[in-house]
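# Chains, contacts and geometry: an overview
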Amino acid sequence: MGGARGVGWVAAGLLLGAGACYCIYRLTRRRRRGDRGLVLRPSQSAEDLTDGSYDDVLNAEQLQKLLYLLESTEDPIIIEKALITLGNNAAFSVNQAIIRELGGIPIVGNKINHSNQSIKEKALNALNNLSVNVENQIKIKIYINQVCEDVFSGPLNSAVQLAGLRLLTNMTVTNDHQHMLHSYITDLFQVLLTGNGNTKVQVLKLLLNLSENPAMTDGLLCAQVDTSFFFLYGSHVAKEILLQVLTLFQNMNNCLKIEGHLAVQPTFTEGSLFFLLYGEECAQKIRALVDHDDAEVKEKVVTIMPKI
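In this text, all values refer to a predicted model and were calculated from it rather than measured experimentally.

## Let's talk about unusual backbone geometry
At asparagine 157, a residue that is not glycine, the phi angle is positive and equals roughly 65°. If you trace the backbone, asparagine 157 turns up in the loop between helix H8 (144-153) and helix H9 (159-171). A relative accessible area of 28% means that asparagine 157 is categorised as partly exposed.

Next up, the structure:
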């Protein structure tokens, strides 16, 4: 019993020591570069932690105070400031683990249901930074359905929608949680086609994650997609978007070969993404891009050409 407790104290000491060393490293690095110095104030009250610079790197004790404040206050101004400070600190890998161990993920996750849209956005941003840690994703996945509902039912191109899309993109970098988005794929394409440039880019990043996983191929190709999808393959489309939709086509091809669909009669219905991607109109659009002004686009088209 005593030995196990001793091991626990040693592990905790190592974790806190790592956090302190990282804070010192950040402090000295900033000062060497001539940036505004980071000030670590162990004696700060919880409220003080939401004032001053959002760039302050907090230690474990300060993070615990901040989480307590976030859980106990109902003041929307303090909640928003606390989420910003916590989210910025969650950008550092050592703090991602500390916040999880302090029970911070559900405290932040509960704020995505807040009626204040700015608080909801800041909570999503904080979860997004925390989700870079794979162990954190196991705890964050319980919020995926709620995030999807907010993304697809909320205002188009809103800050909350973009924050939610960024979180979903991080959560689908690996294949572990991609299946949880299966029922929302058609909604993703709807947002892709109606959103502005920033929204399109973010949706495409998410779709590209899904399109690299053969297990998601049928779900993607079965999605009902409006024919305005063809416009994304036009020469006038922004380069970043155009390269992404070309890569989407490439990924679909690669996964179809793995799954063997190209060798058998397809079972996808008319109006599905499959019929759009593998119809003659899409093939003509892609062939026309071989004369595109941008060399990177032309190179991508040349890579795809033998497959259409």
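Moving on, there is more to tell.
## Points about the side chain of glutamine 161
Structurally, glutamine 161 is set in helix H9. Setting aside its immediate chain neighbours within four residues, glutamine 161 contacts Val151, Pro155, Leu156, Val191 and Thr199.

## Some details on the nonpolar core
If you look at the biggest cluster of nonpolar residues, it comprises 82 residues, and the most contacted ones within it are Phe189, Leu192, Leu207, Phe229, Tyr233, Leu246 and Leu277. Broken down by element, this core gets its largest block of residues, nine residues, from helix H13 (residues 239-259). Each residue touching leucine 207, except ones within four places of it in the same chain, is listed here: Leu188, Phe189, Leu192, Leu220 and Leu248.

## Quick notes on H8
When H8 is considered as a whole, its buried residues turn out to be Ile144, Val147, Cys148, Asp150 and Val151. Seen from one end, H8 has its buried residues packed into an arc of 165°, which puts them on one side. Contacts from the buried residues of H8 go to helix H6 (117-130), helix H7 (134-140) and H9.

## With respect to the pattern of salt bridges
Evaluation of the coordinates by the stated rule reveals eight salt bridges. Put simply, lysine 120 and aspartate 150 hold a salt bridge, and the shortest N to O gap is 3.5 Å. Within this pair, whereas lysine 120 is found in helix H6, its partner aspartate 150 is found in helix H8, the two being separated by 30 residues in sequence. Aspartate 150 carries the same exposure label as lysine 120, and that label is buried. Look at the salt bridges and you will find they share partners, linking Glu80, Glu121 and Lys122 into a network.

## A word on the confidence of the model for the protein
Overall, the prediction assigns the protein a mean pLDDT of 85, with 80% of residues at 70 or greater. Taken as a whole, residues 1-43 scores under 50 in pLDDT and shows 36 contacts with residues more than four places along the chain or in a different chain.

## Topic: the side chain of glutamine 244
Tracing the backbone shows glutamine 244 in helix H13. The exposure class assigned to glutamine 244 is buried, which follows from its relative accessible area of 9%. Sequence-distant contacts of glutamine 244, defined by excluding residues within four places in its chain, comprise Val201, Leu204, Lys205 and Leu208.

## Details of the packing of aromatic side chains
Under the criterion given, the structure shown has seven aromatic pairs. A ring pair is formed by phenylalanine 152 and tyrosine 184, whose centres lie 5.8 Å apart and whose planes are at 20°; its orientation type is stacked. Here phenylalanine 152, found in helix H8, pairs with tyrosine 184, found in the loop between H9 and helix H10 (185-194); they are 32 residues apart in sequence, far enough to count as distant. Given the relative accessible area of 22%, phenylalanine 152 is considered partly exposed. Look at tyrosine 184 and you get buried, because its relative accessible area is 10%. For the ring pair phenylalanine 274 and tyrosine 278, a centre distance of 5.0 Å and an interplane angle of 35° mean the geometry is tilted. The class for phenylalanine 274 is buried, based on a relative accessible area of 11%. For tyrosine 278, a relative accessible area of 26% corresponds to the partly exposed category. An aromatic cluster is built from Phe249, Phe268, Phe274, Phe275 and Tyr278, whose rings are joined through pairwise contacts.

## Points about the environment of methionine 171
Among the secondary structure elements, methionine 171 is positioned in helix H9. Considered as a pair, methionine 171 and serine 131 are 40 residues apart in the sequence and their alpha carbons are 6.6 Å apart.

About the cut-offs
- Residues numbered from 1 in each chain as written.
- Predicted model: local features only at pLDDT ≥ 70, side-chain atom pairs only at ≥ 80, totals over all residues.
- Heavy atoms only, no water.
- Helix = DSSP H or I, 4+ residues; strand = E, 2+ residues; numbered from the N terminus.
- Buried < 20%, exposed > 50% of the residue type's maximum accessible area, 1.4 Å probe, protein only.
- Contact = heavy atoms within 4.5 Å.
- Core = buried A, V, L, I, M, F, W, Y, C linked by side-chain atoms within 4.5 Å.
- Arc of directions from axis to C-beta.
- Salt bridge = Lys/Arg side-chain N within 4 Å of Asp/Glu carboxyl O.
- pLDDT = per-residue confidence, 0-100.
- Phe/Tyr/Trp six-rings, centres within 6.5 Å; stacked < 30°, edge-to-face > 60°.

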